[in-house]
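Per-entry structural report
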Amino acid sequence: QVQLVESGGGLVQAGGSLRLSCAASGGTFVRNDMDWYRQVPGKQREWVAAITGGGTTSYADSVKGRFTISRDNAKNTVYLQMNNLKPYDTSVYYCKLRVIWREYWGQGTQVTVSS
């Protein structure tokens, strides 16, 4: 059974930093693409960042220059380093694993940025 376990969320002040982790289990996914999304209640889910199996990264305009996605294949884990956080970054952050035509999602981790 594929599972994604997220950690690292919390409460920070504007301008602060957090590092989110997403650990995958139930297989080895070093060649699979992974993404971070975020969503607040009543709003559409927003794509944040992606990393391919080859390590190529991409970002939403709203987080460029502030967030960095990376992966540790030995640990089957993807990270999202978030710097210079803003109040509008407050959201539940989700990790997604893409395996061919299937998608697997984590439970989400809450990030709250105070002004």
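Let me sum up the structure you'll find in this document. Every value quoted in this text rests on a predicted model; they were computed, and no experiment measured them.

1. Some words on the environment of Glu 103
Looking at the secondary structure, you find Glu 103 in strand β10 (residues 102-105). Among the residues examined, Glu 103 registers a relative accessible area of 44% and is labelled partly exposed. Once the C-alpha coordinates of Glu 103 and Met 34 are considered, the two residues, 69 residues apart in sequence, prove to be 9.6 Å apart. The contacts of Glu 103, once residues within four sequence positions are left out, are Lys 96 and Leu 97. At a separation of 3.5 Å, a polar atom in the side chain of Glu 103 contacts the side chain of Lys 96. Engagement of the side chain of Glu 103 in a polar contact is seen with the side chain of Trp 105, the distance being 3.5 Å.

2. Looking at the pairing of strand β7 (residues 67-72)
Across the two faces of β7 the burial differs, with Phe 67, Ile 69 and Arg 71 buried and Thr 68, Ser 70 and Asp 72 not buried at all. Note: β7 against strand β8 (residues 77-82), 6 bridges, orientation antiparallel. Bridging from a neighbouring strand, Thr 68 pairs with Gln 81 of β8.

3. Quick notes on unusual backbone geometry
Negative phi characterises most residues that are not glycine, and trans characterises most peptide bonds. Positive phi, normally seen in glycine, also occurs at Asn 76, with a value near 55 degrees. Along the polypeptide, Asn 76 turns up in the loop between β7 and β8. The buried category is assigned to Asn 76, whose relative accessible area is 14%. Unlike most non-glycine residues, Ile 100 shows phi in positive territory, near 55 degrees. With respect to the helices and strands, the residue Ile 100 is situated in the loop between β9 (91-99) and β10. According to the relative accessible area criterion, Ile 100 is exposed, its value standing at 73%.

4. Let's talk about the state of the cysteines
By definition, a disulfide links the sulfur atoms of two cysteines through a covalent bond. Under the counting rule described, the total for this entry stands at 1 disulfide. Each disulfide pairs two cysteine sulfurs, and for Cys 22 the partner residue is Cys 95, the sulfurs being separated by 2.2 Å. Taking the torsion about the sulfur-sulfur bond, which here is approximately -85 degrees, the covalent link between Cys 22 and Cys 95 counts as left-handed. Remark: Cys 95 occurs in strand β9 and Cys 22 occurs in strand β3 (residues 18-25); sequence separation between them is 73 residues.

5. A word on the sheet that holds β7
Here 4 strands make up an open sheet; going across it, the order is β1-β3-β8-β7 and the pairing antiparallel. Looking at strand neighbours, the two that pair on one side only are β1 (3-7) and β7, the edges of this open sheet. Taking each pair of neighbouring strands and ignoring which way they run, the sheet shows an average axis angle of 15 degrees. Pairing geometry for β1 and β3, over 5 bridges, is antiparallel.

6. Brief notes about the environment of Ser 70
One can find Ser 70 in strand β7. Accessibility expressed as a relative area gives 32% for Ser 70, which makes it partly exposed. Distance in space between the C-alpha atoms of Ser 70 and Arg 45 is 21 Å, their sequence separation being 25 residues. Those residues in contact with Ser 70 that lie beyond four places of it in its chain are Ile 51, Thr 77, Val 78 and Tyr 79.

So, how was this worked out
- Residues numbered from 1 in each chain as written.
- Predicted model: local features only at pLDDT ≥ 70, side-chain atom pairs only at ≥ 80, totals over all residues.
- Heavy atoms only, no water.
- Helix = DSSP H or I, 4+ residues; strand = E, 2+ residues; numbered from the N terminus.
- Buried < 20%, exposed > 50% of the residue type's maximum accessible area, 1.4 Å probe, protein only.
- Contact = heavy atoms within 4.5 Å.
- Polar contact = N/O pair within 3.5 Å; in protein donor to acceptor, adjacent residues only side chain to side chain.
- Pairing = 2+ DSSP bridges.
- Disulfide = S-S within 2.5 Å.
- Axes fitted to C-alpha atoms, helices over the stretch in contact; angles between N-to-C directions.

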